[in-house]
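Structural features, examined
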Amino acid sequence: MTTRPCLVRQAGLTLAELLVALAVGLGVLLAGAVLMIGANNAYLAHEDAAAIDDGGRFALALIGRAVRQGAFVDWERLKGVAPARNLPAPLAGLDSRSLPKTSFGVDAPVNTAVNGSDVLAVRYAGAGAAPDGDGSVLDCAGFSIPDTKEGWSIFYVARNGDGQAELRCKYRGAANWSADAVVAGVDSFQVLYGLDTDTAPDGIPNRYVNATTLAALDAALPLSELNEKTCWKRVASVQVALLLHGERPSAAPLQPPAYSLFGPAYAKAHPGDAGVQLAQAQLRGQGPATARRLFTAVFAVGAAQP
């Protein structure tokens, strides 16, 4: 009689196999979670960096357009006649100051400057018939300025209701003055002015100075000649520096000990110019270091006036 071997069918897993499967599955799950968290952090860091970059570029573009308009002269409306020499200078500025939102121009400055941030004001003639002009001359809020009005674009730093510092553009509306935020997360906004000191101005700056130095030079002029011979009319270019920070802690392993907005040489030569050099510890305060980026640019105003 032939006997057949007994076939044993397995119905399930042994405890050892189950534990091994759970361990492998848990390892795969943890690895996937780590990759997902890393990818999400990388995305957020990239988004933060892109926001800083977009904000800085937009701010420089807006400031540059305003500064270049400061040299605008509507020769068609003047019919070829040179503008009066005693007109106010197209530029004005203040060091380590902020402004009220609704005051006239740069009047009534306040001392609540964020890290010594400066004020830059540009005034210029409009173009085109009232009430809306021809759209070729715009203030920093994007409103067209007609030839019957004087346009203003004023840039300064102030804190919003949440305590966050933001670069603002101040402009004159139809009935009053107002200001809008340009970019948030501002650590410092600094301005230098390229002064053409040649006896016969050639439109090329010979030295860069701050607003305080220009005011001191103007103080030596007779009051009757101030509008005509003010040093602000000899400013051939404007150099701006804008230090911005993001909202998230920086992923960079190393942070510079300090930020020199116009370079270490200028900061060393002008220790009294507040805000041109900021220590990392001063910016961090009690929180973690965030991503920061420095934006700089030089804009030509036009030929300096004799």
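Structural notes, computed from the coordinates.

About the criteria used
Residues numbered from 1 in each chain as written. Predicted model: local features only at pLDDT ≥ 70, side-chain atom pairs only at ≥ 80, totals over all residues. Heavy atoms only, no water. Pairing = 2+ DSSP bridges. Helix = DSSP H or I, 4+ residues; strand = E, 2+ residues; numbered from the N terminus. Axes fitted to C-alpha atoms, helices over the stretch in contact; angles between N-to-C directions. Buried < 20%, exposed > 50% of the residue type's maximum accessible area, 1.4 Å probe, protein only. Polar contact = N/O pair within 3.5 Å; in protein donor to acceptor, adjacent residues only side chain to side chain. Contact = heavy atoms within 4.5 Å. Core = buried A, V, L, I, M, F, W, Y, C linked by side-chain atoms within 4.5 Å. Patch = residues over 30% accessible without salt bridge, like charges linked within 9 Å, V, L, I, M, F, W, Y side chains within 5 Å. Areas by Shrake-Rupley, 256 points an atom, 1.4 Å probe, with all protein chains shown as cover. Salt bridge = Lys/Arg side-chain N within 4 Å of Asp/Glu carboxyl O. Arc of directions from axis to C-beta.

1. Side note on the sheet that holds strand β8 (residues 235–249)
Strands sit in the order β7-β6-β8-β11 across an open sheet of four strands; the sheet is antiparallel. Edge positions in the open sheet fall to β7 (207–209) and β11 (290–300), since each of these has one partner strand only. Pairwise comparison of adjacent strand axes, ignoring direction, gives a mean angle of 25° for this sheet. Across nine bridges, strand β6 (residues 186–195) lies against β8 in antiparallel orientation.

2. Topic: the sheet that holds strand β5 (residues 177–184)
Taken in spatial order, the five strands make up an open sheet running β1-β2-β3-β4-β5, and their pairing is antiparallel. Taken across any chain shown, the strands that pair with only one partner, and hence form the sheet edges, are β1 (91–94) and β5. Each strand axis lies, on average, 20° off the axis of its neighbour in the sheet, ignoring direction. Here strand β3 (residues 150–159) pairs with strand β4 (residues 165–172) via six bridges, running antiparallel. Paired with Y156 across the two strands is R168, which belongs to β4.

3. Some details on the side chain of D187
With respect to the helices and strands, D187 occurs in strand β6. You can call D187 buried: its relative accessible area is 5%. Looking at D187, its side chain comes within polar contact range of the side chain of H245, at 3.0 Å. Here D187 is in contact with V114, N115, S117, L243, L244, H245, L278, L283 and R292, once residues within four sequence places are set aside.

4. Topic: the nonpolar core
Across soluble globular proteins, nonpolar side chains show a tendency to be buried alongside one another. One finds L120, L167, F189, V238 and V240 to be the most contacted residues of the largest nonpolar core, which totals 44 residues. Top contributing element to this core by residue count: helix α1 (residues 15–69), with seven residues. Ignoring any residue separated from it by four or fewer positions in sequence, one finds L120 in contact with I63, V67, A92, S153, I154, F155, F189, V191, Y193, V238 and V240.

5. Observations regarding the pairing of strand β2 (residues 119–125)
Counting buried positions along β2 yields five of seven residues, so the element is predominantly enclosed. The pairing of β1 with β2 spans four bridges and is antiparallel. Each residue of the ladder has a partner; that of G93, found in β2, is L120. In terms of strand pairing, β2 meets β3 through six bridges, oriented antiparallel. Note on β3: the bridge partner recorded for Y124 is G151.

6. Notes on a nonpolar patch on the surface
On the surface, L13, L15, L18, L19 and L22 cluster together into a nonpolar patch covering about 530 Å² of accessible area. Within the fold, L13 resides in the segment before α1.

7. So, the pattern of salt bridges
With the rule as written, the count across this model stands at six salt bridges. Among the ionic pairs, R293 bridges to D53, the shortest N-O distance being 2.2 Å. Residue R293 is located in strand β11, and its partner D53 is located in helix α1; the two are separated by 240 residues in the primary sequence. By relative accessible area, which is 36% here, R293 ends up partly exposed. K229 serves as the salt-bridge partner of E225, at 3.5 Å between the closest nitrogen and oxygen.

8. Digging into helix α3 (residues 211–219)
Inspection of α3 places A211, L214 and D218 among the buried residues, and these make up the whole buried set. Taken end-on, α3 shows its buried residues confined to a sector of 60°, consistent with a single buried face. Within α3, the exposed residues directed more than 90 degrees away from the buried face are A216 and A219. Where the residues of α3 are buried, they touch β1, β6, β7, α4 (226–229) and β8.

9. Describing the side chain of S188
Mapping S188 onto the fold places it in strand β6. S188 gets classed as buried once you look at its relative accessible area, which sits at 0%. Looking at S188, its side chain comes within polar contact range of the main-chain oxygen of G275, at 3.4 Å. Among residues more than four places away in sequence, those in contact with S188 are N115, S117, A241, L242, L243, L261, G275 and L278.

10. Brief notes about the environment of D118
Tracing the backbone shows D118 in the loop between β1 and β2. Assessed through its relative accessible area of 1%, D118 is described here as buried. Note: C-alpha distance between D118 and A274 (156 residues apart in sequence) is 9.1 Å. In this view, D118 contacts L94, D95, S96, R97, F155, Y156, F189, Q190 and V191; residues no more than four positions away in its chain are not counted. A polar contact of 3.0 Å, which involves the side chain of D118, links it to the backbone nitrogen of S96.

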